[in-house]
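Below are the chains, spelled out letter by letter.
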Amino acid sequence: MMELTINTRHKSEMVDISEAVHEAVIKKGIKSGLVAVFTPHTTCSVVLFENIDPKLRRDFLEALGRIAPAQHPYHHQGENAAAHIKSAICGARVVVPMENAALMLGEWQGIFLCEFDGPRERKVIVQVIG
């Protein structure tokens, strides 16, 4: 198991962590199996998403903002209820198959950390199962 540290810069953003995950896989020395990528936070997520057009990331974050708007009068006592809701919708983990130490991602897929309550230092756990 390896732990990555990701420093986010904005209140809401998507950070492509595909390369960092791939480097963690190579360091483990396992050639074939599954790679589980998990974040132990409740106001961010790990998702598979299209990695070519940054505008699509903005569209995704804006769509989530319409589902869970920041200014809604939530019952939660903190000011980050919308971030918790977005995280629960998107999930905290993805599992990707790997072969020959390469992530078997689609041509336009990437692994992203979705920040909903930043900027913050986030932890991402990478577990290689071979």
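These notes cover the structure that comes with them.

1. Quick notes on a nonpolar patch on the surface
Okay, so step 1: Together, Leu34, Val95 and Ile129 make up an exposed nonpolar region whose accessible area comes to about 250 Å².
Okay, so step 2: Relative to the elements of secondary structure, Ile129 occurs in strand E8 (residues 121-129).
Okay, so step 3: A residue is classified by how much of its surface remains accessible, and Ile129, at 45% relative accessible area, is partly exposed.

2. Brief notes about the pairing of strand E5 (residues 93-99)
Okay, so step 1: Burial along E5 is one-sided: the face carrying Val94, Val96 and Met98 is buried and the face carrying Arg93, Val95, Pro97 and Glu99 is not.
Okay, so step 2: Note: strand E3 (residues 33-38) against E5, six bridges, orientation antiparallel. Bridge pairing in E5 links Val35 to Val96.
Okay, so step 3: Pairing analysis gives two bridges linking E5 to strand E6 (residues 102-103), with the strands arranged antiparallel. Across the sheet, residue Met98 finds its bridge partner in E6, namely Leu103.

3. Remarks on the sheet that holds E6
Okay, so step 1: Taken in spatial order, the five strands line up as E1-E8-E3-E5-E6 in an open sheet, and their pairing is antiparallel. A single partner strand is all that each edge strand has here, and the edge strands are strand E1 (2-7) and E6.

4. Examining the sheet that holds strand E4 (residues 44-50)
Okay, so step 1: Read across the sheet, three strands follow the order E2-E7-E4 without closing on themselves; strand pairing throughout is antiparallel. Every other strand in the sheet has two partners, leaving strand E2 (13-16) and E4 as the edge strands with one partner each. Ignoring which end each strand starts from, the neighbouring axes of this sheet average 35° apart.
Okay, so step 2: Sheet topology note: the E2/strand E7 (residues 109-115) ladder contains four bridges and is antiparallel. Within E7, the position partnered with Val15 by the bridge is Leu113.
Okay, so step 3: Of the strands in this sheet, E2, E4 and E7 touch helix H2 (residues 54-67), which is tilted by about 135° from E4.

Cut-off values and rules
Residues numbered from 1 in each chain as written. Predicted model: local features only at pLDDT ≥ 70, side-chain atom pairs only at ≥ 80, totals over all residues. Heavy atoms only, no water. Patch = residues over 30% accessible without salt bridge, like charges linked within 9 Å, V, L, I, M, F, W, Y side chains within 5 Å. Areas by Shrake-Rupley, 256 points an atom, 1.4 Å probe, with all protein chains shown as cover. Salt bridge = Lys/Arg side-chain N within 4 Å of Asp/Glu carboxyl O. Helix = DSSP H or I, 4+ residues; strand = E, 2+ residues; numbered from the N terminus. Buried < 20%, exposed > 50% of the residue type's maximum accessible area, 1.4 Å probe, protein only. Pairing = 2+ DSSP bridges. Axes fitted to C-alpha atoms, helices over the stretch in contact; angles between N-to-C directions. Contact = heavy atoms within 4.5 Å.

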